[in-house]
Each structure stands twice: as C-alpha cells, then as structure tokens.
Amino acid sequence: MAYKTTYPFTGEVLKEYDNATDAELEQALETGHQLYQTWRNSPVAERAQDLQKIADLMKDRKEDLAKAMTYDMGKLLTEAQGEVDLCIGIVEYYAKNGEKFMESVPLESPAGRAYYAKQSTGVIVAVEPWNFPLYQVVRVFAPNFIVGNPMILKHASICATSAQKFADLTLDAGAPKGALTNLFISYDQVSKAIHDPRVAGVCLTGSERGGAAVAREAGAALKKSTLELGGNDAFIVLDDADFDEVKKVSPGARLYNAGQVCTSSKRFIVMADKYDDFVENLKDAFSKAKIGDPMDPETVVAPLSSKSAQEKLQKQVDSAIAGGATLVYGNEPINGEGFFFQPTILTNISKDNPVYNQEMFGPVAVVYKVDSEQEAIDLANDSSYGLGNTIFSSNREHAQAVAEKIETGMSFINSGWTSLPELPFGGVKNSGYGRELSELGFDAFVNQHLVFEPNN
Ligand code: NAP
C-alpha cells in the first residue's frame, strides 16, 4: 500500500490506506462534473458563505489537523498549529474577497461595448506535496471553491491522513459532495484524470521530476497547468545590512520545518568583511538548536519527513564534501529511530561541485563569500531555480533595486521567506509557472469570457 502514515519521529507505521479503484476515480469525476454544472448557475455568495463555514470548522479542529500533520511528516506541532492558523486566514481571505474577485471586468474599446465575465472551467486536479500538508491544499482549494471549480486531490502518499481529514472537514462543514474529493490514486490514475474531458486543469506543487511528468500529460491533453516547484533561494547580506538583524533571522530562515521549505534560504551570500562573523553566528545557532520530539514545544529541529528524504540529503551532503566543500558544522548521525538530520553548514562550494545547482531539502546551509554586490547578484542568478530570495539592507531603495535584479518570483526584504493570503506565491525558471494565493492565484483556472458588442 503506497498511502500510509509513518511517524518520522519513531519510524512506526500508524495507518495504511487502500488505493482508490478506477471506479472510485470515475465516481469522483462524475460527482465533480455535476457539481460544476450546478455551481455555474448558483450565486458566488452562497459559496462564500460555505467557505466561511469551512474556516469556522478548521478553528474547532485546529489541534486535530495539526497533530495529523506532525504524525504524517514529522513537523513540529507548534509549526503545524501555525500552519492551520495561516490556512484559516487563506480560507477567510477568499470567503471575504471572492465575490469581488469574481466580478466582471469592463474593457475600454473604441470599437464597441466590451467586458469579460469570470467563470468556472470545470474539475481541477490538484497534486500536492507533503511539506505543508494543509497549506498546499488550501491555497488551491479555497480560490477554486469560490470560482466554482470542484477539485480532485491527489496528495503525497506520506500525508494521507492529513489529506483525508481536510476533505472530511469540508463535507462536515456543509460543502457539497465533490467540492473536494481526496483520492489515493496512482500516477497512472492522475494521468487518466488529466486526460478526462470533465477535467479543466491541473495544479502541482512538488519536484521538477513530478512537475515535468504532470505538465507533459497536461500538454498532451491540452489542459491548463500551474507548477510550483523547488528552489535554491539566496539570502543576500548587502554591505549596509543591519547585521544584528541578519544574525537573528538567518538561522530560522534555514531551519524552519527542518529546512523542508521550497522558499527556505538555502544559499547565504555574504560580503567578505562580514563572512567570518556570519558563519560563526550560524554555527553557534545551529549547535544550540534543540533536535528531538516534534510534539515538544522546546524542540527546534524536527525529523525529516521520511527515511528516503534523510537518505537523499545524506547522499547530497556526502557528494558536496567529496566534491571539495568544507564542512563547517554538522553532518553527524543522530541516535534513535527518527529520520533526523543534524543542521549542517557547508562552505567553499565551487561551480563544479555536484550540489552547486541542487536543492537540498533539509537543514543544510551553504554559505558563500563575495567581494562585491555584483558578484552577489551574479551568484544568486546562477541557478536553474527562481523561486524566492532575501535581501538584507538598511536602505529600502537599495534593497529594492537589488531585489529587482534577481531572476526570481518573490523577494523578501529584511526578513526570511513568508507567505500570506494576499501575496502571490510562485516562481520562474525551473521553479515553475503560474501563481497561487492573492487575486493572481484566484484567476489561475478562471475562464475570462469576453462579451463584445461592436458599434453600429
Ligand atoms: P514530488 O515527488 O514531485 O511529489 C509531489 C506530489 O507529486 C506528490 O503528491 C507525488 O505523489 C506527486 N507526483 C510525483 N510524481 C508524479 C507523477 N509522475 N504523476 C503524478 N503525481 C506525481 O515532490 P516532493 O519531493 O515530495 O516535494 C518536495 C518538492 O516540492 C521540493 O522540491 C520543494 O521545493 C517543492 N515545493 C515547492 C513549493 C512551491 O510552492 N514552489 C512548495 C512546497 C514544495 P507521491 O507522494 O505519491 O509520490
């Protein structure tokens, strides 16, 4: 059975799930399609009210949702609780703004009267990863619910319990059947769904490998797709940065969620005169970060999500060191059953090092020393990824000017990465295409239906 909950702190299998049959997939497609037909002709205000009820029930079930995530993929319970709060905010944001976002948009044309209506397009398939089991789903589910696009969810096989709990919650809150159907389906069944005429599009968050496979199917079926993929985000410390603030923010920008965040700061780029101080501070913080039980509020570093994630990261760190990197701190095995990885700092990664252009999905920081701002910008841009990026400078104009020189989808000034309902989220280059959250994310699977009447 592919879908199961294996607690990363103990390695114990807590629950296993049967795969969905083709008949169940067919049923989900038909139920979703029928709902799409109903929703096309029902007021948006009704869906906005239903969405608010979902947010209300999420508040009641916060602890249950948070614990399910910790058991599924090992994240700190405190971080899981924060994730539920963020998701409630996202659901409420679309419940509140959805009607406004659905309004028709008038167009100016000397040739006649024109506007475009915003309309639903059909069932959307969502393929989501395990690192934020609730957030990844909510950021596509909530806007599409308002638009009137029912959703079929294929969540990561390791966070099956979280997926099912949220789908059940939507029904318990009174959402119609088919609004969110969670299915434990195979890759072949995902392809089958994408090719089905009742499906209008597919969104995926995950790896380049998964993204390319799903986008290939979407292309072959002429379906719209959006991809939110990996990142190798830079954290650039400019010469006018508030260095005390840099020291405070940088360790958490790497260690949050045990480093398993697409927008974690993964490459720290520091001016030569501050470099030694920066590395020393990071080392000190990493050595003090408490590793252990994710349910303990004192813990800072939780286990990785799975044994295979731990093994993959170990291989990458080994290959980096074999390729000439300097190990400044970490990379020691952690005793016990959990899938832990000690926070690790690597320096002297040359351009020909195997990990130079790889995303390391765990608590591994790479620090680079540069002699000029231009060198920092060039290094940040020398990546096949372009998701997020952090700039530290005490001069806002300076920070913004540098931010705009980075080939990336998001830049954060004087802070680590962040995500809020009203801020668009997404990348360029191999980090994917399309945006989620905000009004931009709302429009991802909307039919912008032109209605035009020419002058006589
Ligand atoms: P992954 O292997 O691509 O898995 C993501 C999802 O895709 C899972 O549900 C997976 O199912 C499914 N999948 C993979 N290959 C598939 C295929 N050929 N057909 C259908 N479904 C397929 O990604 P991951 O390694 O678990 O996730 C971590 C990655 O996600 C990192 O690179 C991270 O940076 C990225 N990420 C990006 C964002 C963003 O917003 N840009 C946010 C979070 C994470 P199974 O679990 O069954 O394999």
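Keep in mind the model is a prediction, meaning the values are calculated, not measured.

Draft legend 1. Structural view of the site of the ligand. Inspection of the region around the ligand gives 29 residues, with Trp130, Arg139, Tyr187, Ser207 and Glu359 positioned closest. At 2.7 Å, a backbone N or O of Leu229 approaches a nitrogen atom of the ligand. Contact with the protein chains covers 88% of the free accessible surface of the ligand, which is 910 Å². Listing elements by their share of the shell around the ligand, those giving two or more residues are α5 (135–147), α7 (187–195), β8 (199–205) and α8 (208–220). Here the shell around the ligand takes four residues from α8, the largest share from any one element. In terms of residue class, the shell around the ligand is built from 14 nonpolar, nine polar and six charged. Residues from two domains meet in the shell around the ligand; each of domain 1 (3–229 + 431–454) and domain 2 (234–420) gives at least three.

Draft legend 2. Main features of the packing of aromatic side chains. Per the counting criterion, the structure on display carries 21 aromatic pairs. With centroids separated by 4.8 Å and ring planes inclined at 45 degrees, the aromatic side chains of Tyr3 and Phe184 adopt a geometry described as tilted. With a gap of 181 residues between them, Tyr3 in the segment before β1 (4–7) and Phe184 in the loop between β7 (180–182) and α7 connect regions that are remote in the sequence. An identical accessibility class is assigned to Tyr3 and Phe184; each is buried. Following the ring pairs from residue to residue traces out a cluster consisting of Tyr7, Phe9, Tyr71 and Phe340. Its guanidinium or amino end placed over the ring of Phe425, Arg139 lies 4.4 Å from that ring's centre, counting from NZ or CZ.

Draft legend 3. Here's a closer look at the nonpolar core. Counting residues in hydrophobic clusters, the biggest one holds 59 residues, and the most contacted among them are Leu51, Ile54, Met58, Tyr94, Leu134, Phe141 and Phe166. Looking at this core, the elements with two or more residues in it are α1 (22–40), α2 (44–60), α3 (62–73), α4 (77–101), β5 (123–127), α5, β6 (151–154) and α6 (160–172). When residues of this core are assigned to their parent elements, the largest contribution, 11 residues, is made by α4. The residues that make up this core include at least three from each of domain 1 (3–229 + 431–454) and domain 2 (234–420). The contact partners of Tyr94, leaving out residues within four places of it in the chain, are Leu51, Phe101, Ala142, Pro143, Ile146, Pro421, Leu437, Ser438 and Phe442. Membership of the second largest hydrophobic core comes to 31 residues, among which are Ala258, Val355, Val366 and Val402.

Draft legend 4. Highlighting the pairing of strand β11 (residues 265–271). With seven of its seven residues buried, β11 lies for the most part within the structure. Bridging between strand β10 (residues 233–237) and β11 involves five bridges; their strand directions are parallel. What sits directly across from Phe235, in β11, is Phe268. Bridge analysis of β11 against strand β14 (residues 364–370) gives five bridges, and the strand direction is parallel. The partner of Arg267 across the bridge, within β14, is Val366.

Draft legend 5. Main features of the sheet that holds β11. Pairing in this open sheet of seven strands is mixed, and the strands run β12-β13-β14-β11-β10-β16-β17 from one edge to the other. Edge positions in the open sheet fall to β12 (326–329) and β17 (412–413), since each of these has one partner strand only. Across the sheet, helix α9 (residues 243–255) lies against β10, β11, β14 and β16 (389–392), angled at about 165 degrees from β10, the strand it touches most. Running over the sheet, helix α13 (residues 396–403) touches β16 and β17 and is turned about 150 degrees from β16.

Draft legend 6. Molecular detail of the packing of α7 against α8. At a minimum axis separation of 8 Å, α7 and α8 run at an interaxial angle of 35 degrees. Viewed along their axes, α7 and α8 form a crossing whose handedness is right-handed. Of the residues in α8, those in contact with Tyr187, Ser191, Ile194 and His195 of α7 are Arg209, Val214, Glu217, Ala218 and Ala220.

Draft legend 7. Seen up close, the domain arrangement of the protein. Segmentation of the protein into domains returns domain 1 (3–229 + 431–454) and domain 2 (234–420). Computed from C-alpha atoms alone, the centre-to-centre distance between domain 1 and domain 2 is 30 Å. At the junction of the two partners, domain 1 supplies 28 residues and domain 2 supplies 28 residues. Between domain 1 and domain 2 lies a buried interface of about 2400 Å² when both sides are counted; carbon and sulfur atoms form 61% of it. When the buried area of domain 1 at its contact with domain 2 is split by residue, Phe9, Leu76 and Ser431 rank highest and sum to 24% of it.

Draft legend 8. Representation of the sheet that holds strand β20 (residues 447–454) within the structure. Judged by pairing direction, the sheet is antiparallel, and its three strands sit side by side in the order β3-β4-β20 without closing on themselves. Single-partner strands in this sheet number two, and they are β3 (105–107) and β20. When the angles between neighbouring strand axes are averaged without regard to direction, this sheet yields 20 degrees. Summarising the sheet, β3 and strand β4 (residues 112–119) pair through three bridges and their orientation is antiparallel. Within β4, the position partnered with Pro106 by the bridge is Tyr115.

Draft legend 9. Geometry of the environment of Phe184. Take Phe184: its relative accessible area is 10%, and that puts it in the buried class. Sequence separation between Phe184 and Arg61 is 123 residues, and the spatial gap between their C-alpha atoms is 23 Å. For Phe184, the residues in contact, after removing those within four places along its chain, are Tyr3, Tyr17, Asp18, Asn19, Ala20, Ala160, Gln164 and Gln189.

Rules used throughout
- Residues numbered from 1 in each chain as written.
- Predicted model: local features only at pLDDT ≥ 70, side-chain atom pairs only at ≥ 80, totals over all residues.
- Heavy atoms only, no water.
- Near = heavy atom within 4 Å.
- Polar contact = N/O pair within 3.5 Å; in protein donor to acceptor, adjacent residues only side chain to side chain.
- Areas by Shrake-Rupley, 256 points an atom, 1.4 Å probe, with all protein chains shown as cover.
- Helix = DSSP H or I, 4+ residues; strand = E, 2+ residues; numbered from the N terminus.
- Nonpolar A, V, L, I, M, F, W, Y, C, P; charged D, E, K, R; others polar.
- Domains from an automatic or database assignment.
- Phe/Tyr/Trp six-rings, centres within 6.5 Å; stacked < 30°, edge-to-face > 60°.
- Buried < 20%, exposed > 50% of the residue type's maximum accessible area, 1.4 Å probe, protein only.
- Lys NZ or Arg CZ within 6 Å of the ring centre and 35° of its normal.
- Core = buried A, V, L, I, M, F, W, Y, C linked by side-chain atoms within 4.5 Å.
- Contact = heavy atoms within 4.5 Å.
- Pairing = 2+ DSSP bridges.
- Axes fitted to C-alpha atoms, helices over the stretch in contact; angles between N-to-C directions.
- Left-handed = near helix turned anticlockwise from the far one by under 90°.
- Buried area = accessible area lost by both parts, 1.4 Å probe.

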